[in-house]
Amino acid sequence: MNVVEKILKAHLVEGNPEKDPELGIHIDQTLTQDATGTMAYLQFESMGVPRVKTDVSVSYVDHNTVQIGFENADDHDFLQSVAKKYGIVYSKCGNGICHQLHLERFGKPGTTLLGSDSHTPTGGGIGQIAIGAGGIDIAVAMAGGAFHIPTPKVRAIVLKGRLRKGVSAKDVILAVLAKYGTKGNVGWIFEYTGPGVATLDVPSRATITNMGAELGVTTSVFPSDGVTRQFLEAQGRGGDFVEILPDADATYDDTFTVDLGKVEPLMAAPHSPGNIVTVASMKGTRVNQIMIGSCTNSSYRDIRTVALYLEGRHVADDVEVGIACGSRQVINMLAKDGSLAILHAAGCRMLENACGFCIGAHMSPRTGAISLRTNNRNFEGRSGTKSAQVYLVSPETAAASALTGFVELPTDNPVADVPAPEKFPVDDSMFLYRDTAGKGVEGTEIVRGPNIAPVPKGVPLAADLPAVVAIKVGDKITTDHIMPAGARLKFRSNIPQYAKFVFEPCDPGFHDNCMANKEKGLANVIVAGESYGQGSSREHAALCPMYLGVKAVFAKSIERIHRANLINFGIVPFTFENPDDYGKFEQGDAIELKGVRAAVEGDGRLVVSTKSGDVALKTSLSARERHVLLCGGLLASLG
Ligand code: MIC
Ligand code: SF4
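Residues numbered from 1 in each chain as written. Chains lettered and ligands numbered in written order. Predicted model: local features only at pLDDT ≥ 70, side-chain atom pairs only at ≥ 80, totals over all residues. Heavy atoms only, no water.

A look at the side chain of Thr436
Turning to step 1, where the next piece is worked out: Take Thr436: it is sitting in the loop between strand 20 (431-432) and strand 21 (465-472).
Turning to step 2, where the next piece is worked out: Classification of Thr436 as buried rests on a relative accessible area of 17%.
Turning to step 3, where the next piece is worked out: Ignoring sequence-local partners within four residues, the contact set of Thr436 consists of Gly87 and Val441. (Helix = DSSP H or I, 4+ residues; strand = E, 2+ residues; numbered from the N terminus. Buried < 20%, exposed > 50% of the residue type's maximum accessible area, 1.4 Å probe, protein only. Contact = heavy atoms within 4.5 Å.)

Shown next, in the form of structure tokens:
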């Protein structure tokens, strides 16, 4: 067996991998972050379960930390009180970024982790099957329910050789993205294997599995080996180690070999993480801003490497450089070894150890800027500046370029490798309720400020639906297009308010049109191209459209997490039988979804008449998904 098969076999509760298209797996650990967590816990509350049933569930606060206005602070208080009541560990605002913290303090090889954030696969770096999902799926897992994944196909990414100096894990995952792109990988799990694995420390492995999210795979995973043991021991968690290696005769559905020694410094050019070019080809390009950090590249290894590049030097006058560490542990180590002083002296802006710039919560670059960033997504406008050109790079490329203000090759003047620390300083004081984890504190009152609004529930799917094409969008529409974050993020706990911004970057009139159609008794339909719903796990990209009366999506293809979220909120995910039929719809077309309920109950086929002729649509659903859709969503299906 390979590593994926070993872990899934130990967690299988429904389905047979040999013949079933969907598997139900038991979830050992969950994580939430604040921006998706409030909804997850509101839904968990409505399930009426007295306490979490997982081994460990952690509620992190890292996204909405800026606190302009009362909304974010309201959310934090709500989350803290929920954690106390239900036996969840609460990571206070200021502790760090969820994925970095979870890797340091909770991630355990051989276990399953479900998180309400698409970068949860970071845990694959420590040998977990770690998957991102919508908040309600996390709520179900906390209540002891199974999580469902498409029966995976497993691709071995065989690593050979050793990276050259100045080249790092970020370049490896960019090389994998260059090969496989951001679409067409739905249902796959990528398992890293081969002799090169041993040359990568755990934080580097986690960089690779983190950004596997951009491939659209279910997750990515590394084996748990001697390197994993050393990392856990250095974290004072040696007892959490178990060895999980692929058997010598393990088989895979496909194999791709990466010769680490031949990987070049790479970057993802605007506006997609799959748009890969070499750093060499961009060398000498003027840069205005450089942002280092995010859950992809904020470990001690990464920021220490940056400090080594900047030691005794200063960033260029015309470039703004910001650094956000992943956790307090990282900051403590940088403080002790003098790196913080180096970074300050070099003229870097030291930012909060939170998501911050990555989600466009601050640090938006100037109009038309070129911004190099070490995070994982460069979708148009995500930085907060629509005209900005964001390139995703390694910490090494970022640091080398900071010195001159132009794109530089980090291999020209590389620094020494940062050895894996023998001991990490452990300070768990900002993880609250560890002692009552799994038990909860009876009598705890949930704190609900005005930003916490009730969760809307769906209604059963009607037999026929008179409808309107409320919007027609193109290929690769991301959840950042559907449900913008940045300045709008603070409304995450208040659906009627947040729903005002659905499709804001594509059509600011969308909300009002949908509400008007809804009042007339018409359903709203979204027509889209390839890879609809790429990116984040934010269920708001389905929940808010549900609130606006969206009942179906017609797309050329739909990404995994978003498709699951649509079903969870009673929106039928149809694809075209013939993709060319996309051309037969125009925004504003009046259509009818005749027999839509029967289609969902039956073979999933629906024919819709348009002014250019009939269009055949299909949806392939498991029995469980069918039931959820007919009830009007997962929450409604639970009674
Ligand atoms: C992101 O990177 O887009 C986010 C913000 O972390 C999202 C979660 C969210 O929208 O809250 C993700 O990746 O799932
Ligand atoms: Fe936070 Fe950015 Fe990571 Fe999302 S991708 S969890 S916003 S650091």
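What to know about the pattern of salt bridges
Turning to step 1, where the next piece is worked out: Scanning the model with the defined rule gives 29 salt bridges in all.
Turning to step 2, where the next piece is worked out: Here Asp428 and Arg105 are joined by a salt bridge, their closest N and O atoms 2.9 Å apart. Within this pair, whereas Asp428 is found in the loop between helix 13 (395-404) and strand 20, its partner Arg105 is found in helix 4 (residues 98-105), the two being separated by 323 residues in sequence.
Turning to step 3, where the next piece is worked out: Residue Arg105 is classed as buried on the basis of its relative accessible area of 9%. (Salt bridge = Lys/Arg side-chain N within 4 Å of Asp/Glu carboxyl O.)

Some remarks on the packing of aromatic side chains
Turning to step 1, where the next piece is worked out: The full count for this structure, using the stated rule, is 13 aromatic pairs.
Turning to step 2, where the next piece is worked out: Measuring from centroid to centroid gives 5.4 Å for Phe231 and Phe424, while their planes differ by 65 degrees, and the two rings are edge-to-face. Here Phe424 lies in the loop between helix 13 and strand 20 and Phe231 lies in helix 8 (residues 226-234), a separation of 193 residues in the sequence. Phe424 carries the same exposure label as Phe231, and that label is buried.
Turning to step 3, where the next piece is worked out: Stacked on the ring of Tyr582, the Lys or Arg Lys472 has its end atom at 4.2 Å from the ring centre.
Turning to step 4, where the next piece is worked out: Just above the ring of Tyr547 sits the side chain of Lys518; from NZ or CZ to the centre is 5.0 Å. (Phe/Tyr/Trp six-rings, centres within 6.5 Å; stacked < 30°, edge-to-face > 60°. Lys NZ or Arg CZ within 6 Å of the ring centre and 35° of its normal.)

Remarks on the site of ligand 1
Turning to step 1, where the next piece is worked out: Neighbouring residues of ligand 1: 14 residues in total, closest Asp117, Ser118, Arg492, Ser537 and Arg538.
Turning to step 2, where the next piece is worked out: Arg382 has a polar side-chain atom sitting 2.9 Å from an oxygen atom of ligand 1.
Turning to step 3, where the next piece is worked out: With respect to ligand 1, the side chain of Ser536 contributes an N or O atom lying 2.9 Å from an oxygen atom.
Turning to step 4, where the next piece is worked out: Bound to the protein, ligand 1 loses 97% of the 330 Å² it would expose on its own. (Near = heavy atom within 4 Å. Polar contact = N/O pair within 3.5 Å; in protein donor to acceptor, adjacent residues only side chain to side chain. Areas by Shrake-Rupley, 256 points an atom, 1.4 Å probe, with all protein chains shown as cover.)

Digging into the state of the cysteines
Turning to step 1, where the next piece is worked out: The tally for this structure, following the rule as stated, stands at zero disulfides.
Turning to step 2, where the next piece is worked out: Here Cys98 stays unpaired: no disulfide links it, and the sulfur of Cys355, its closest cysteine neighbor, is 6.0 Å away.
Turning to step 3, where the next piece is worked out: In this structure Cys98 comes out as buried when scored by relative accessible area, which is 1%. (Disulfide = S-S within 2.5 Å.)

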